Structure formats: C-alpha cells, structure tokens
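Observations on the model geometry
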Amino acid sequence: MEVVWRALLKDLGVKPADVLRHAGLPENLLSRPQAELSTLDYFNFWRSLEKVVGDPLFPLRLAQAVTPEVFSPPIFAALCSPNLQLAAQRLSHYKRLVAPVALDIAIDMRGALTLSPRWLDIQVGPPLSVIATELAFFVRLAQLGTREIVHATRVIMPSLPDPLPAYEQFFGAPVVKGKSPSITFSAANAALPFLTANDSIWHVFEPDLRRRLAEL
C-alpha cells in the first residue's frame with residue numbers, strides 16, 4: 001500500500017488508526033515504506049473503510065481527492081502520458097505497485113476504450129466500494145489530465161451502488177449490472193490530449209517503476 005493513503009484518509013475526515021484497527025491490521029501500516037497487503041487484507045481494509053466512513057458516496061469522494069499533489073509514482077506517471085489510452089496502458093503495466101489488481105484493456109473497432117479491473121489471488125469477492133473507486137478513478141484521471149469534463153459511455157458493476165443517481169451523474173453514463181466490472185470511454189475521450197503530458201518526467205520515473213515491479 002502507498003503512504004498516499006494517509007493524505008486520502010485525511011481528506012475523508014477519518015483517522016488511519018481507526019480504519020486499520022477495525023480491519024485487524026497494524027496501526028502503523030501506512031507509515032511503513034513500501035507496505036504491502038495480501039488481497040484478502042486489502043479487501044478487509046476497504047470493508048473497514050466503508051464502516052468507519054459511513055457514507056455510501058465515499059468512493060466518489062475518494063476519487064475526487066486524487067490530485068497530482070497526493071503523490072503516487074504510478075499515478076503521476078500516468079498523468080505524464082499524452083492521453084487516457086496510453087495512461088491506461090502504463091497503469092495496466094504498473095497497477096500492482098498500487099494495489100493487488102490487474103487492469104485489462106480492450107479497444108473496439110471504433111476506438112472505444114474499455115478498462116476492466118481484475119483482482120489477483122481472489123478468495124472472496126471484492127467490496128463494492130473498491131470496485132466503485134477503481135472505476136471512478138479513471139474518470140478523475142481523465143479529467144485531471146485533460147482539464148475537461150470527461151464522462152464514460154458505459155459502466156458495469158457486479159451490483160448497483162446506492163444512491164444510483166449520484167453515481168450515474170458522476171460517471172455521466174448509466175451504471176448497469178454485470179458479472180465483471182468495467183468502464184468504457186468513447187474514442188474521442190480516450191484520445192483527448194493530456195495537458196499534463198511530460199515525456200521527460202516519464203523517462204525519469206520509468207526505471208524506478210520497473211525496478212519496483214521486478215522486486216514485487
């Protein structure tokens with residue numbers, strides 16, 4: 001887990017120790033450099049977060065709290081990409097540095113981009129909150145990079161979030177029930193140029209990301 005969580009939890013107005021204690025995890029976990037969790041412990045962390053925060057909209061609040069200042073090398077490297085499509089490809093490669101999850105990418109004949117998070121070593125189903133946050137993050141990433149109001153064209157979740165209208169307003173698209181979660185962006189939105197693109201910074205980050213992935 002990234003120490004960036006300390007800043008995000010502060011933005012949610014909760015104490016990290018309360019969340020970790022409720023999840024049965026060490027209270028100093030977020031202070032450890034390069035702290036890692038198993039998939040099961042990661043899910044327990046999210047279930048604890050759901051109960052401690054007590055707000056069904058907190059996945060959207062959490063996604064909105066992601067900024068370049070809340071520093072995470074894989075996310076910052078994604079923002080250095082020229083557009084959402086390449087940012088997703090980079091995140092797909094280095095996603096495991098952020099969470100025990102893979103990212104599947106599909107591009108259809110019209111150029112529409114579909115992103116599907118897939119959890120690793122899964123023993124139990126992921127909490128709805130982590131699914132919602134993963135999908136909402138890509139909307140936030142696109143908006144941060146382009147400085148435009150970017151919406152999805154389709155969102156699929158294993159169960160529907162509540163309140164559904166608030167989630168559909170955030171995504172700008174209907175949220176429908178399906179077995180595997182995914183979010184789809186139009187070809188035009190996937191290709192919108194990122195104003196944060198910076199190839200020089202990407203080349204600075206890439207060797208360290210490769211090293212950390214190899215160590216993982």
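Our structure is the block above this text.
Note that the structure is a prediction, hence the values are computed from the model and not measured.

1. Concerning the side chain of Ser129
Relative to the assigned elements, Ser129 resides in helix H7 (residues 128-146). Given the relative accessible area of 6%, Ser129 is considered buried. Within polar-contact distance, the side chain of Ser129 engages the side chain of Glu50 at 2.7 Å. If we ignore the near neighbours within four places in the chain, the residues touching Ser129 are Trp46, Glu50, Phe58 and Pro59.

2. Notes on the pairing of strand E3 (residues 154-157)
Where a strand is regular, its side chains alternate between the two sheet faces. Strand direction decides the pairing type here: E3 and strand E5 (residues 182-185), joined by 3 bridges, are antiparallel. Within the sheet, the bridge partner assigned to Val155 lies in E5 and is Ile183. Alignment of E3 against strand E4 (residues 175-177), held across 3 bridges, turns out to be parallel. Note that in E4 the partner of Ile156 across the bridge is Val176.

3. Details of the sheet that holds E4
Reading across from one edge, E1-E2-E5-E3-E4 is the order of the 5 strands in this open sheet, with mixed pairing throughout. In this open sheet, the two strands that pair with only one neighbour each are strand E1 (101-107) and E4. Looking at each pair of strands side by side, their axes are set apart by 20 degrees on average, direction ignored. Contacts from helix H6 (residues 84-94) reach E1, strand E2 (113-119) and E5, with the element oriented near 145 degrees to E1. Packed on one face of the sheet, H7 meets E1, E2, E3 and E5 and runs near 150 degrees to E2.

Definitions and limits used
Residues numbered from 1 in each chain as written. Predicted model: local features only at pLDDT ≥ 70, side-chain atom pairs only at ≥ 80, totals over all residues. Heavy atoms only, no water. Helix = DSSP H or I, 4+ residues; strand = E, 2+ residues; numbered from the N terminus. Buried < 20%, exposed > 50% of the residue type's maximum accessible area, 1.4 Å probe, protein only. Polar contact = N/O pair within 3.5 Å; in protein donor to acceptor, adjacent residues only side chain to side chain. Contact = heavy atoms within 4.5 Å. Pairing = 2+ DSSP bridges. Axes fitted to C-alpha atoms, helices over the stretch in contact; angles between N-to-C directions.

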